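# A look at the structure
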Amino acid sequence: QVQLVESGGGLVQAGGSLRLSCAASGRTFSNYAMGWFRQAPGKEREFVAVISGYGRSTYYAGSVKGRFTISRDNANDTVYLQMNSLKFEDTAVYYCAAGGSVYNRRTHEYDYWGQGTQVTVSS
């Protein structure tokens, strides 16, 4: 079992930045690829970014590539999402998730989920 707790969400103006954190506990953190997803009101949960177990590989959704950066600190069992140049359309609840492969993009491919943290971007 892996427990995930997100933090760092909040209200920010368009063009601003936020850094989300996701603290993990339970099983060996480096065994898991870690992903970030988001869900806006009335929309399905969508893939944002993923990082491999040792951080050597990362992938991003096209809508955030070049603006968001995923990273991890295996010594502290934490994954981060640095979000720059935020846009109104980035407003959503952001979730971190633990899965088996850096190639995972779909929600059902992830085994463990956090409770989410709200990011609101004002225009």
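The sections below set out a description of the structure shown in this document. (Residues numbered from 1 in each chain as written. Predicted model: local features only at pLDDT ≥ 70, side-chain atom pairs only at ≥ 80, totals over all residues. Heavy atoms only, no water.)

The secondary structure content of the protein chain amounts to zero helices and 11 strands. Reading the protein chain from its N end, one meets helices and strands in the order β-β-β-β-β-β-β-β-β-β-β. Expected size for 123 residues packed as a compact globule is a radius of gyration near 14 Å; at 13 Å, the protein chain falls within 12% of this value. Principal-axis analysis of the C-alpha atoms places the extent of the protein chain at approximately 40 × 30 × 25 Å. When each of the 123 residues of the protein chain is scored for burial, the buried share is 46%. Taking contacts inside the protein chain between residues at least 6 apart in sequence as the whole, the part at least 24 apart equals 58%. (Helix = DSSP H or I, 4+ residues; strand = E, 2+ residues; numbered from the N terminus. Rg over C-alpha atoms; globule rule 2.2 N^0.38 Å. Buried < 20%, exposed > 50% of the residue type's maximum accessible area, 1.4 Å probe, protein only. Contact = heavy atoms within 4.5 Å.)

Quick look at the side chain of serine 21 now. Along the chain, the position of serine 21 falls in strand E3 (residues 18–26). For serine 21, the residues in contact, after removing those within four places along its chain, are Val5, Glu6, Ser7, Trp36, Thr78, Val79 and Tyr80.

Attention shifts here to the sheet that holds strand E8 (residues 78–83). Strand pairing in a sheet takes place through backbone hydrogen bonds and is either antiparallel or parallel in direction. With antiparallel pairing, the four strands of this open sheet are ordered in space as E1-E3-E8-E7. Only two strands of the sheet have a single partner each, and these edge strands are strand E1 (2–7) and strand E7 (68–73). In this sheet, neighbouring strand axes are inclined to one another by 15° on average, regardless of whether the strands run parallel or antiparallel. Where E7 and E8 come together, six bridges link them in antiparallel fashion. (Pairing = 2+ DSSP bridges. Axes fitted to C-alpha atoms, helices over the stretch in contact; angles between N-to-C directions.)

Below, the discussion takes up the environment of aspartate 90. As for its placement among the helices and strands, aspartate 90 is situated in the loop between E8 and strand E9 (92–99). Overall, aspartate 90 belongs to the buried group, its relative accessible area being 0%. Distance in space between the C-alpha atoms of aspartate 90 and alanine 40 is 8.3 Å, their sequence separation being 50 residues. Aside from chain neighbours lying at most four places away, what touches aspartate 90 is Arg38, Arg67, Phe68, Ser85, Val119 and Val121. Within the structure, the side chain of aspartate 90 is placed 2.7 Å from the side chain of arginine 67, a separation counted as a polar contact. (Polar contact = N/O pair within 3.5 Å; in protein donor to acceptor, adjacent residues only side chain to side chain.)

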